[in-house]
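# Structural description and commentary
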Amino acid sequence: MKNKKFTYFLGFAVLIVWGLIIYRIIGTIDTGDDAATIAPVSTKKEPFNDYAVPKDTTRLILNYRDPFGLIPFKDTVKAVSHERTAHDIILAAAPAINWGFIKYSGYIRNPGSRQLIALVQINGKSADMREGDVVDKVKLLKNMQDSVKVLFNGKTKFITIQHG
């Protein structure tokens, strides 16, 4: 019985809501007297020229390049001529180092300190080198297991492992 009362109450509420909606729709469509409508009042707008606009005193500096590349950029900087001197030619003709005298044979791991020891041949002489050791002006910088990085006469190079 309690459910029936609640259902009747909800049905009555739905009828009231739909009745209000229909009443408002019919009220807006009313085809009553058109003479009662109010005409909009026209107001005169002020001309734009009456406002005090300060004179533009800024200057645009347009010395940046064209972002679209339509106009070629005119460079105002004068080109500086570089004359070759004997010093430049001597530096350019520095002899290349022949790295063939260094051969990397492999590595072993010291079981006590777990440090890598590279097996390197320099000018035909075998040497066991750790990182930082220098033999015949050749310094071992880094042991990467498959290659070593060495320094000789200020130049560095990676020398790969050579089998056989």
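Shown above is the structure to which this text applies.
These remarks concern the structure in this document.

Basis of the calculations
- Residues numbered from 1 in each chain as written.
- Predicted model: local features only at pLDDT ≥ 70, side-chain atom pairs only at ≥ 80, totals over all residues.
- Heavy atoms only, no water.
- Pairing = 2+ DSSP bridges.
- Helix = DSSP H or I, 4+ residues; strand = E, 2+ residues; numbered from the N terminus.
- Buried < 20%, exposed > 50% of the residue type's maximum accessible area, 1.4 Å probe, protein only.

### Some words on the sheet that holds strand S7 (residues 155-160)
Taken in spatial order, the four strands line up as S4-S5-S6-S7 in an open sheet, and their pairing is antiparallel. Taken across any chain shown, the strands that pair with only one partner, and hence form the sheet edges, are strand S4 (134-135) and S7. Taken together, the two bridges between S4 and strand S5 (residues 138-143) define a ladder with antiparallel strand orientation. When the sheet's bridge partners are listed, Val135 is paired in S5 with Val138.

### Let's talk about unusual backbone geometry
We note that Gln145 has phi near 70°; this positive angle belongs to a residue other than glycine. Relative to the helices and strands, Gln145 is located in the loop between S5 and strand S6 (147-152). Even without being glycine, Asn153 reaches a positive phi, approximately 55°. Along the chain, the position of Asn153 falls in the loop between S6 and S7. Overall, the relative accessible area of 57% leaves Asn153 in the exposed class.

### Here we look at the pairing of S7
Here S6 pairs with S7 via six bridges, running antiparallel. Bridged to Phe152 within S7 is Lys155. What sits between the antiparallel neighbours S6 and S7 is a turn of two residues, in which Asn153 has the positive phi angle 55°.

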